Amino acid sequence: MASFRSNTGPRRSRRLVALALGLGLASAALGTASPASADSTTETPARTAASGYVGTAEKDGTKAFFDAVLKSVAKRQAEQPSLKAVTVYYNASQAPSFRSQISSAASIWNSSVSNVKLQATSGSGDFAYYEGSDPRGSYASTDGHGSGYIFLDYAQNQQYDSVRVAAHETGHVLGLPDHYSGPCNELMSGGGPGPSCTNRYPNSTERARVNQLWANGLAKALAQVGKAG
Ligand SMILES: [Zn+2]
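Residues numbered from 1 in each chain as written. Predicted model: local features only at pLDDT ≥ 70, side-chain atom pairs only at ≥ 80, totals over all residues. Heavy atoms only, no water.

Draft legend 1. Fine view of the coordination of the zinc ion. Every protein donor of the zinc ion is listed here as Gly52 (O), His168 (NE2), His172 (NE2) and Asp178 (OD), and their distances to the metal cover 1.9 to 2.1 Å. Around the zinc ion sit four donor atoms; with metal-centred angles ranging over 93 to 146°, the donor geometry is irregular. Written as a sequence motif, the donor arrangement for the zinc ion is G-x115-H-x3-H-x5-D. With Gly52 in strand β1 (residues 49–52) and His168 in helix α7 (residues 162–173), the pair connects residues that are 116 residues apart, well separated along the chain. (Donors = N, O, S within 2.8 Å, 3.2 Å for Na, K, Ca; no water. Tetrahedral: all angles 85-135°; square planar, octahedral: opposite > 155°, others 65-115°. Helix = DSSP H or I, 4+ residues; strand = E, 2+ residues; numbered from the N terminus.)

Draft legend 2. Here's a closer look at the state of the cysteines. Here the structure, examined in full by the defined rule, presents one disulfide. Across the disulfide from Cys184 sits Cys197; the S-S distance is 2.0 Å. Its S-S torsion of about 90° marks the bond between Cys184 and Cys197 as right-handed, since a negative value means left-handed. In this pair, Cys184 is assigned in the loop between α7 and α8 (204–228) and Cys197 in the loop between α7 and α8, connecting sequence segments 13 residues apart. The exposure class of Cys184 is partly exposed, given its relative accessible area of 26%. (Disulfide = S-S within 2.5 Å. Buried < 20%, exposed > 50% of the residue type's maximum accessible area, 1.4 Å probe, protein only.)

Draft legend 3. Broad picture of the packing of helix α5 (residues 99–112) against α7. At a minimum axis separation of 8 Å, α5 and α7 run at an interaxial angle of 55°. On the basis of their axis angle, the class for α5 and α7 is oblique. Regarding α5 and α7, the two cross each other, and that crossing is right-handed. Side by side, α5 and α7 meet where Gln101, Ser104, Ala105, Ile108 and Trp109 of the first sit next to Ser162, Val163, Ala166, Ala167, Thr170 and Gly171 of the second. Of the residues belonging to the contact of α5 with α7, the class tally is six nonpolar, five polar and no charged. (Axes fitted to C-alpha atoms, helices over the stretch in contact; angles between N-to-C directions. Parallel < 35°, antiparallel > 145°, perpendicular 65-115°, else oblique. Left-handed = near helix turned anticlockwise from the far one by under 90°. Contact = heavy atoms within 4.5 Å. Nonpolar A, V, L, I, M, F, W, Y, C, P; charged D, E, K, R; others polar.)

Draft legend 4. Region of the structure containing the pairing of strand β4 (residues 127–132). Along β4, six of the six residues are buried, which leaves the element largely enclosed by surrounding structure. The alternating pattern of β4 places Phe127, Tyr129 and Glu131 and Ala128, Tyr130 and Gly132 on opposite faces, both of which are buried. Two strands pair when backbone bridges link them, and strand β2 (residues 87–94) and β4 are joined in this way by three bridges, in the parallel orientation. If you follow Gln94 over to β4, its bridge partner there is Tyr130. (Pairing = 2+ DSSP bridges.)

Geometry only, nothing functional implied.
Structure below.
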């Protein structure tokens, strides 16, 4: 299994600066109080739930991130009960180097599944993309308190197909876990099949799973609307 831990170790200091900057902006963009606590977890990964493109990130973060996104979506559904479709909004303004890849990843998912749609926003979204250098590579992360973000690592996105990386991490937002032992036609096998794998699309099983998750997600959101009303 590919690992970037040793390759990108020296970039750590740059990464910390980038992450601190990104999270500071995240606070402004998302209106949360997460940056201080998220930054403090840098040295204690067990407290930071994350799912990466390769097996170097924590692997237990997918459900927490998915729940955080669901919570955010449900809150909006409660405010606007007439909304029928489940739309997840993302802010990509803090990942300017990956603007086209993120847009492609959203288009890929929007053409692949029907029960949830991704849409860009310049305001506070349900999650955000950031860029920088991290020894763990790219990953999706949540602080466990309703705030999630996707981090895109410069070095990893040069070695691997960048749209596949972005689409993979976005798959975590939609509720899919890592499956590094899977074949290239699985999006969530991530870096497992190696850099030569350039498949950017979820396979039929992954599509079906996301549609299933968001059918339930919609039910959960509507249940919260009921509670709120
Ligand atoms: Zn992953």
